[in-house]
Amino acid sequence: MITVAGLVPYLGGALAAGGVAVAATRQRELMLRWCVWAIGVPLLTAAFWLGPPGIAVLASVVGAVAVAEYGGLLKLGPVDRVVLGAAVLGLVLTAWLAPGEVLRVAAVGALAIAGVPLLSGDAEHGLRRLGTGLLGLVWLGVLAGLVPLGTLGLVLFVAVSIADIVAYAAGRRLGGPHLSPLSPAKRWSGTLAGAAAGLGVLAVLSCLTWQTAVAVAVGGPLGDLLESMIKRGAHAKDSGGWLAGSGGLLDRIDSLLVALAVLWVLT
């Protein structure tokens, strides 16, 4: 298994090569995206280098932002968002401090989320609030899986990110059948090319197993489609607009979330 220190040359080289390629295109949006990566990748690497405490802090911050974006997309009220955020934070901290109690804490979080519409007597929107909250707990709560994975979590993020980039570029160039009505811009050609690129990253970093392969090749695209379904239901193009050139944080981690869930189930 590669270490965080061993990943640094690969990440630095990828950033440098990406910077040269983006500068050659002279496209402002791509340049903004590269700047976000240039800031974000060192922060991610530092968090994983610190081990479980750093990963837990990172997952907690990401979870809080993701809950805010998710709640905004699906118009959850302030109390629903706070309870969902507390449930996700509780899962992350439990994965760090008491990993044997994760399922118990998940059950407590689900009950708390269900209790909000029940105690408020919301007969009109209670079912929607309950379903939205539980989906958020399942979807965003898998961030807790980053803590026990350690360096492999960072490798998984790198693999699905490169797979997404290659899928986007290859799909536009190669064309062919659409992947799903949920995301008309995505093609099977791009998805397969992205999967191949993601598996190549896993192989280069000595992390290729059948479990990680399924997580990247299957979980990654499914995560992207899941967020597309949520955004279409909310009639929104992006989960947010604060991340320069990239929309919101959920737009960047959607593939990772389901890839994490798949890997968690398989291992």
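Just above, that's the structure.
This one's a predicted model, so the numbers in the text were calculated from it and none came from an experiment.

Q: An account of unusual backbone geometry is needed here, citing residue identities and associated values.
A: Despite not being glycine, lysine 75 shows a phi value in the positive range, around 55 degrees. At serine 206, a position not held by glycine, the phi torsion is positive, near 60 degrees. Assessed through its relative accessible area of 55%, serine 206 is described here as exposed.

Q: Break down the packing of aromatic side chains for me, with residues and values.
A: If you walk through the whole model with that rule in mind, you get 2 aromatic pairs. The interplanar angle of 40 degrees and the centroid separation of 5.8 Å between the aromatic rings of tryptophan 37 and phenylalanine 157 together place this pair among those described as tilted. In this pair, tryptophan 37 is assigned in helix α2 (residues 28–49) and phenylalanine 157 in helix α8 (residues 151–174), connecting sequence segments 120 residues apart.

Q: Which residues make up the pattern of salt bridges, and what are the values?
A: Using the criterion set out here, one finds 6 salt bridges in the structure. Residue arginine 129 is joined to aspartate 80 by a salt bridge in which the shortest nitrogen-to-oxygen separation is 3.1 Å. Highlighted residues: arginine 129 in helix α6 (residues 126–141) and aspartate 80 in helix α4 (residues 78–97), separated in sequence by 49 residues. Aspartate 80 carries the same exposure label as arginine 129, and that label is buried. Here arginine 129 and aspartate 122 are joined by a salt bridge, their closest N and O atoms 2.8 Å apart. For the pair formed by arginine 129 and aspartate 122, the shared burial category is buried.

Q: Describe the packing of α4 against helix α5 (residues 102–120), with residues and values.
A: Angle between the axes and distance between the axes: these two values describe a pair of packed helices. In contact at an axis separation of 9 Å, α4 and α5 are set at 175 degrees when each is read in the N-to-C sense. Judged by the inter-axis angle, α4 sits roughly antiparallel to α5. Between α4 and α5, the contacting residues are Val79, Asp80, Val83, Leu84, Ala87, Gly90, Leu91, Thr94 and Ala95 on the first element and Val102, Val105, Ala106, Gly109, Ala112, Ile113 and Val116 on the second. Classifying every residue of the contact of α4 with α5 gives 12 nonpolar, 3 polar and 1 charged.

Definitions and cut-offs
- Residues numbered from 1 in each chain as written.
- Predicted model: local features only at pLDDT ≥ 70, side-chain atom pairs only at ≥ 80, totals over all residues.
- Heavy atoms only, no water.
- Buried < 20%, exposed > 50% of the residue type's maximum accessible area, 1.4 Å probe, protein only.
- Phe/Tyr/Trp six-rings, centres within 6.5 Å; stacked < 30°, edge-to-face > 60°.
- Helix = DSSP H or I, 4+ residues; strand = E, 2+ residues; numbered from the N terminus.
- Salt bridge = Lys/Arg side-chain N within 4 Å of Asp/Glu carboxyl O.
- Axes fitted to C-alpha atoms, helices over the stretch in contact; angles between N-to-C directions.
- Parallel < 35°, antiparallel > 145°, perpendicular 65-115°, else oblique.
- Contact = heavy atoms within 4.5 Å.
- Nonpolar A, V, L, I, M, F, W, Y, C, P; charged D, E, K, R; others polar.

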